[in-house]
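A structural walkthrough
What follows is the residue order along each chain.
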Amino acid sequence: MISPATIERLLVAALAAFLLSVPWSIPALINSFWVSVIAEILIWSLLAASVNLLFGYVGLLSFGQALYFGFGMYGVAIAISDFGWSFWPAFALGIVAAVAMAVATGIFAVRLTWHYFAIITVVFSLIFYFLALTNKWLTGGDDGVNFTLPATFSIGAAQWSFTDPAFQYLFILAIVLLCFWLMHRLVNSPLGHAFLAIRNNEVRASLIGLNVYLLRLIAFALAGFLAGVSGALFAFFGRYASATYMFYHVSGEAVVWAIVGGAGTLFGPLIGTAIFIVVREIVSSHWEHHSLVVGAVAILVVIFAPRGVMGLWRDWLARLADRRVPASVEAKLRTES
Amino acid sequence: MDKLLLLGMNGLIWGLIIALIALGLAVIFGLLDIINLAHGDFFMVGTVLAWATLQWTGNFWLGFLIAPLIGLLLGALIQRVVIQPIQNVAALSIVATFGLSLMLQESVRITFGPTPRRILPPIQGTIPLFGIEYELYRIFAALVAITALAAFFLFLHRTRLGTWMRAVRHDRDTAIAMGIPAHRVYLLTFAIGFALAALGGVVAAPITTVDFRGGVDILPFCFMAVIIGGLGNLPGTAAAAILLSFLEGIIQSVADPTVARIASLVLMSAVLLLRPQGLFKGFTR
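Because the structure is a prediction, the values reported are computed rather than measured.

Looking now at the overall build of chain A. Scanning chain A from terminus to terminus reveals 15 helices and four strands. Since a compact globule built from 337 residues should have a radius of gyration of about 20 Å, the 21 Å found for chain A is in line with a globular shape. Over its C-alpha atoms, taken along the principal directions, chain A stretches across nearly 75 × 55 × 45 Å. Counting every position in chain A, which comprises 337 residues, the buried fraction comes to 45%. Sequence-distant contacts in chain A: of pairs separated by 6 or more residues, those separated by 24 or more amount to 75%.

A word on the overall build of chain B. Each helix and strand in chain B was counted, giving 11 helices and two strands. Relative to a compact globule of 285 residues, whose C-alpha radius of gyration would be 19 Å, chain B shows 19 Å and is just as compact. Projected onto the principal axes, the alpha-carbon positions of chain B cover approximately 60 × 50 × 35 Å. Put simply, of all contacts in chain B between residues at least 6 apart along the chain, 77% involve residues at least 24 apart.

Moving on to helix H3 (residues 63–83) of chain B. Among all positions of H3 of chain B, only Gly63, Ala67, Pro68, Gly71, Gly75, Ile78, Gln79, Val82 and Ile83 of chain B are buried. The buried residues of H3 of chain B occupy an angular sector of 120° when the element is viewed end-on, so they sit on one face. Those residues of H3 of chain B that are exposed and angled more than 90 degrees off the buried face are Leu65 and Val81 of chain B. Against the buried residues of H3 of chain B lie helix H13 (290–304) of chain A together with helix H1 (2–32), helix H2 (39–57), helix H4 (90–111) and helix H8 (182–204) of chain B.

This part is about helix H12 (residues 268–286) of chain A. Because each turn of an α-helix spans 3.6 residues, side chains separated by three or four positions end up pointing in the same direction. Spanning 19 residues, H12 of chain A covers 28 Å between terminal C-alpha atoms, matching the ideal 27 Å at 1.5 Å per step. Listed in full, the buried residues belonging to H12 of chain A are Gly268, Pro269, Leu270, Ile271, Gly272, Thr273, Ala274 and Phe276 of chain A.

Averaged over all residues, the pLDDT of chain A equals 88, while 96% of them reach at least 70. Every residue in residues 328–337 of chain A scores below 50 in pLDDT, and together they form one contact with partners more than four places removed in sequence or on other chains.

Residues and elements named next belong to chain B. By the bridge criterion, four bridges tie strand E1 (residues 126–129) to strand E2 (residues 132–135) in an arrangement that is antiparallel. Among the inter-strand pairings, proline 128 is bridged to a residue of E2, identified as glutamate 133. The hairpin formed by E1 and E2 contains two residues between the paired strands, and phenylalanine 130 there has a positive phi angle of roughly 45°.

With that settled, consider the interface of chain B and chain A. Every contact between the two is made by 34 residues of chain B and, on the other side, 33 residues of chain A. Elements with a contribution of two residues or more to the side of chain B that touches chain A: H4, helix H9 (214–229) and helix H11 (257–274) of chain B. By residue number, the principal contributor to the side of chain B that touches chain A is H4 of chain B, which donates 13 residues. The residue inventory of the side of chain B that touches chain A, partitioned by class, reads 28 nonpolar, four polar and two charged.

With that settled, consider the packing of helix H3 (residues 65–81) of chain A against helix H4 (residues 87–109) of chain A. Residue and element names in this part refer to chain A. Between H3 and H4, the least distance of the axes is 7 Å, while the angle of their chain directions is 145°. Where H3 crosses over H4, the two elements pack in a sense that is right-handed. Where H3 approaches H4, its residues Leu67, Tyr68, Phe71, Gly72, Met73, Gly75, Val76, Ala79 and Ile80 are matched on the opposing element by Pro89, Ala90, Phe91, Leu93, Gly94, Ile95, Ala97, Ala98, Met101 and Ala102. Along the lines of polarity and charge, the residues of the contact of H3 with H4 split into 16 nonpolar, three polar and no charged.

For the rest of this paragraph, the subject is the nonpolar core. Val76 of chain A together with Ile17, Ile21, Ala22, Cys222 and Ala225 of chain B are the most contacted members of the largest nonpolar core, which totals 207 residues. Residue contributions to this core peak at 18 residues, all from H1 of chain B. Among all residues touching isoleucine 21 of chain B, those that are not within four sequence positions of it are Phe43, Leu196, Ala197, Gly200, Ile218 and Cys222 of chain B.

All names here are of chain A. As for its placement among the helices and strands, leucine 217 is situated in helix H10 (residues 212–238). Looking at leucine 217, the number of C-beta atoms within 10 Å reads 18, which means it is partly exposed. The spacing of leucine 217 and glycine 56 is 161 residues in sequence and 15 Å in space, taken between C-alpha atoms. Setting aside residues up to four positions removed in sequence, leucine 217 forms contacts with Gly106, Ile107 and Val110.

The next point concerns the environment of isoleucine 299 of chain A. Inspection of the secondary structure puts isoleucine 299 of chain A in helix H13. Sequence-wise, isoleucine 299 of chain A and valine 260 of chain A are 39 residues apart; in three dimensions their C-alpha atoms are separated by 9.6 Å. Residue contacts for isoleucine 299 of chain A: discarding those within four places in its chain leaves Val82, Ala96, Gly99 and Leu100 of chain B.

Next up on the list: the packing of helix H1 (residues 4–29) of chain A against helix H7 (residues 165–187) of chain A. Residue and element names in this part refer to chain A. Here H1 crosses H7 at 165°, and the two axes come no closer than 9 Å. Of the possible angle classes, the one that applies to H1 and H7 is roughly antiparallel. The interaxial crossing formed by H1 with H7 has right-handed handedness. Packed against H1, whose contacting residues are Leu19, Val22 and Pro23, the element H7 presents Pro165, Ala166, Tyr169, Leu170 and Leu173 at the interface. A per-class count over the contact of H1 with H7 returns eight nonpolar, no polar and no charged.

Here the focus is the environment of phenylalanine 152 of chain B. All names here are of chain B. Along the polypeptide, phenylalanine 152 turns up in helix H5 (residues 136–158). Overall, the presence of 22 C-beta atoms within 10 Å leaves phenylalanine 152 in the buried class. In the structure, phenylalanine 152 is positioned 16 residues away from valine 168 in sequence and 17 Å away in space, judged by C-alpha atoms.

Scoring rules and cut-offs
- Residues numbered from 1 in each chain as written.
- Chains lettered and ligands numbered in written order.
- Predicted model: local features only at pLDDT ≥ 70, side-chain atom pairs only at ≥ 80, totals over all residues.
- Helix = DSSP H or I, 4+ residues; strand = E, 2+ residues; numbered from the N terminus.
- Rg over C-alpha atoms; globule rule 2.2 N^0.38 Å.
- Buried ≥ 20, exposed ≤ 12 C-beta atoms within 10 Å, placed from the backbone.
- Contact = placed C-beta atoms within 7 Å.
- Arc of directions from axis to C-beta.
- Expected span 1.5 Å × (residues − 1).
- pLDDT = per-residue confidence, 0-100.
- Pairing = 2+ DSSP bridges.
- Nonpolar A, V, L, I, M, F, W, Y, C, P; charged D, E, K, R; others polar.
- Axes fitted to C-alpha atoms, helices over the stretch in contact; angles between N-to-C directions.
- Left-handed = near helix turned anticlockwise from the far one by under 90°.
- Core = buried A, V, L, I, M, F, W, Y, C linked by C-beta atoms within 7 Å.
- Parallel < 35°, antiparallel > 145°, perpendicular 65-115°, else oblique.

Laid out in structure tokens, this is it:
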């Protein structure tokens, strides 16, 4: 008999194998367009993961993660188009800009919780959205900044760059998997347990000696890191950056993806993002008004799976495990309780 | 000086309309614990209904009756189908109302079309006011908004339904024990929230444009009014909406609208950080 834990481990392995095979299997099975759709899902899932880190593990609902996504994006775009930097320094600038911004705003934001926190993160992201719109000389405003992407690796004459779709996809996959692995390590570390303590009961957490403010700030900076990596990858992927991606709608979508997938679970954000982007891509090729379907999916999921898709899955696994308990043991348990 | 007066007045009147919409958001938020991301779209539906009424009947004034009525019905329907099943869980309400927002916007885009339209003010002409010529319709809009605000507070404090709404917000379990039909109060609250936003939409329609994205800019503004006014403090919400919009109007007389928006947002973060309990805590009750 296979235990639920083994089933999950097998599924993760199958998912990893599938994701690795995408550049070859998807063009053969469907068409190469879907390779870029899956790459896009991977990139956006990091933004959803950044919402999830704050909401699912620390209990802070941020509606402003698009701000750090935007900083990651513009860090890359400005480094390449204005400073003429190469790939890796530009990547680094994007991430550093996002984390620095997260720390600078987090110092104020994490003093507040729940509704107030949600509002102040929106307010901060709106401030910088409007600043980005007005400072066209730097950001290009709504039109954005286009740039040509330098090669990722060049050893002698050999070059690997995003012009090769397979390399582009695998690079994105590697970075995203690395981030999810780091997230996995984080939530199972003492730091991650401290986060959970704060989520479950802030007062108790502070009474056992945890510095709630500092821990929240750390979580906020880490979430800014994830959003920044996501934004930087999206800039590489689209070869441009635009202020529209800093609007609160983008943050809101990430919140929806994280909750639909299952907040507080590692892979929930990936699943939520995948559902929404796949539905959008499939419906939009047949029907112009795909938003109707996307909206209906969001509503149906919260009505029928209030703990997200991962919650539904976990419930199902738990029922499966229950059924396998021998009848005699079950009877004994019942009398004891 | 004239410009300051004009923009200040515009800001004040826009603030009165926003106060109407934000009150709808505040009752839904305060009573149902629903973070309603579709509230801006409720306003937008109001502007579209005003336009549709004008198209079909040729009479703008009917919109003041039809839009809130349809808003009431739509609100009740949405509460039953979407809001009731999620049992007032705030995190889920974000997702559900986000979906609702998408569906409302897309439905309007299908039926009304993607291009923004304008409604001519049904009252043309200007009146002299402190040395400037001011649009008559805006004065009228302000009067409608003030009347609606007054009527809402009278409803809340002087009728049985209003008392029930306040009772359920105050202590749900006791209210149920006293025989108040809480589920019907929830239904009514959501419906009234929609109707207030729709009414705001009709009042605002000749001032702003009618567009399926018209609610997107309104939404954060309304949330800020609710928070700055103090959660659950309805007069505070209305006052905050008027104050915010007035200040933005004043700033617009010396800077361009985006800079004014940034300035008011910065101001708002200061209020949130220094007085998270709301600007008017201690002034009421």
